[in-house]
Amino acid sequence: MYAIFEAKGKQFRATPDQKIRMPSIGAEPGDRVTFDTVLLAQKGAGEDVMIGRPALEGASVAVEVLRHGKDDKIVVFKMKRRKGYRRKQGHRQKFTEVKVVDIDFGTGKSVKAEKPKKAAEATKAEKPKKTEKPKAEAKAAKDTPAAAELAADEGIDLTTLEGTGKEGRILKSDVEAAIKAREGD
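In this report, we go over the structure that sits alongside the text. (Residues numbered from 1 in each chain as written. Predicted model: local features only at pLDDT ≥ 70, side-chain atom pairs only at ≥ 80, totals over all residues. Heavy atoms only, no water.)

1. Structural notes on the overall build of the protein chain
Then, number 1: Secondary structure assignment for the protein chain yields four helices and nine strands.
Then, number 2: The 185 residues of the protein chain split such that 28% are buried.
Then, number 3: Here the contacts in the protein chain between residues at least 6 apart in sequence split such that 59% fall between residues at least 24 apart.
Then, number 4: Accessible surface for the protein chain amounts to roughly 14000 Å². Of this, 48% is attributable to carbon and sulfur atoms. (Helix = DSSP H or I, 4+ residues; strand = E, 2+ residues; numbered from the N terminus. Buried < 20%, exposed > 50% of the residue type's maximum accessible area, 1.4 Å probe, protein only. Contact = heavy atoms within 4.5 Å. Areas by Shrake-Rupley, 256 points an atom, 1.4 Å probe, with all protein chains shown as cover.)

In structure tokens form, the structure reads like this:
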């Protein structure tokens, strides 16, 4: 279920318990504001869409103001080539973040945002935990093919070496250094 309403010259799609950023409105955080210009609404997934001409009679969307803020900076740069004309200006648009509390379809029925039930949370499937690889397998995965080939030829165990490459990768130069150290012993 959702409703499309108009506020501050823009249109917004609202579903229960949704957060929306809209142009700044004159209300304090915690206040409830009602928007009466609902252009379109749908009560359920399989139900018909109600279209207003231009707005639905009696329908409204109630929101709660969460906070006010400024958006990211927008840089406006104007230039005319070969004329020496350049203008740079910055701008941060103010916004109000609201939370949809209630959608009234104008038929006497309204839909309020509900908090999730604890039983429903318990039935959700848990994400499988990542299995950790043994350290030997993890180190073997971090070696380069050239280093692995050289180590196999020389009979060197790669799990005993420390890698100097990016993210601890064992490089061919690390294996060559291990060979020189073994020959020096």
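There is more to say, and it comes next.
2. Some thoughts on a positive patch on the surface
Then, number 1: On the surface, K70, K73, K88, R92 and K94 cluster together into a positively charged patch.
Then, number 2: Elements that contribute at least two residues to the positive patch include exactly β7 (60-80) and β8 (85-104).
Then, number 3: For the positive patch, the element with the most residues is β8, which contributes three residues.
Then, number 4: Examined against the element boundaries, K73 turns out to sit in strand β7.
Then, number 5: We classify K73 as exposed; its relative accessible area is 59%. (Patch = residues over 30% accessible without salt bridge, like charges linked within 9 Å, V, L, I, M, F, W, Y side chains within 5 Å. Salt bridge = Lys/Arg side-chain N within 4 Å of Asp/Glu carboxyl O. Lys, Arg positive; Asp, Glu negative; His and termini not counted. Charge placed at Lys NZ, Arg CZ, Asp CG, Glu CD.)

3. Details of the environment of T37
Then, number 1: Take T37: it is sitting in the loop between β4 (32-35) and β5 (38-42).
Then, number 2: Overall, the relative accessible area of 32% leaves T37 in the partly exposed class.
Then, number 3: Separated by 20 residues in sequence, T37 and E57 place their C-alpha atoms 8.8 Å apart.
Then, number 4: Sequence-distant contacts of T37, defined by excluding residues within four places in its chain, comprise I4, F5, E6 and A55.

4. A short note on the pattern of salt bridges
Then, number 1: Under the counting rule described, the total for this entry stands at four salt bridges.
Then, number 2: Linking D71 and R21 is a salt bridge whose minimum nitrogen-to-oxygen distance equals 3.3 Å. Of this pair, D71 sits in strand β7 while R21 sits in strand β3 (residues 19-23), and the two are 50 residues apart along the sequence.
Then, number 3: Salt-bridge contacts for R182 lead to E154; the nearest nitrogen and oxygen are separated by 3.5 Å. One end of the pair, R182, is in helix α4 (residues 172-184); the other, E154, is in helix α3 (residues 145-154), and 28 residues separate them in sequence.

5. As for the packing of aromatic side chains
Note on aromatic pairs: each is described by the distance of the centres and the angle between the planes.
Then, number 1: Scanning all chains against the criterion turns up two aromatic pairs.
Then, number 2: Between F5 and F12 the ring centres are 5.7 Å apart and the planes differ by 35°, which places this aromatic pair in the tilted class. F12 matches F5 in its accessibility class, with the two residues each being buried.
Then, number 3: Seen from their ring centres, F5 and F35 are 5.2 Å apart, and the 20° between their planes marks the pair as stacked. Here the residue F5 occupies a position in strand β1 (residues 2-7), and F35 occupies one in strand β4, the gap between them amounting to 30 residues.
Then, number 4: Site record: aromatic cluster; members linked through ring pairs are F5, F12 and F35.
Then, number 5: Note that R13 overlies the ring of Y2, its terminal NZ or CZ placed 4.0 Å from the centroid.
Then, number 6: The side chain of R21 reaches across the aromatic face of F95, ending 4.0 Å from its centre. (Phe/Tyr/Trp six-rings, centres within 6.5 Å; stacked < 30°, edge-to-face > 60°. Lys NZ or Arg CZ within 6 Å of the ring centre and 35° of its normal.)

6. Quick word on the side chain of S60
Then, number 1: Here S60 is to be found in strand β7.
Then, number 2: Judged by relative accessible area, S60 falls into the buried class, the value being 14%.

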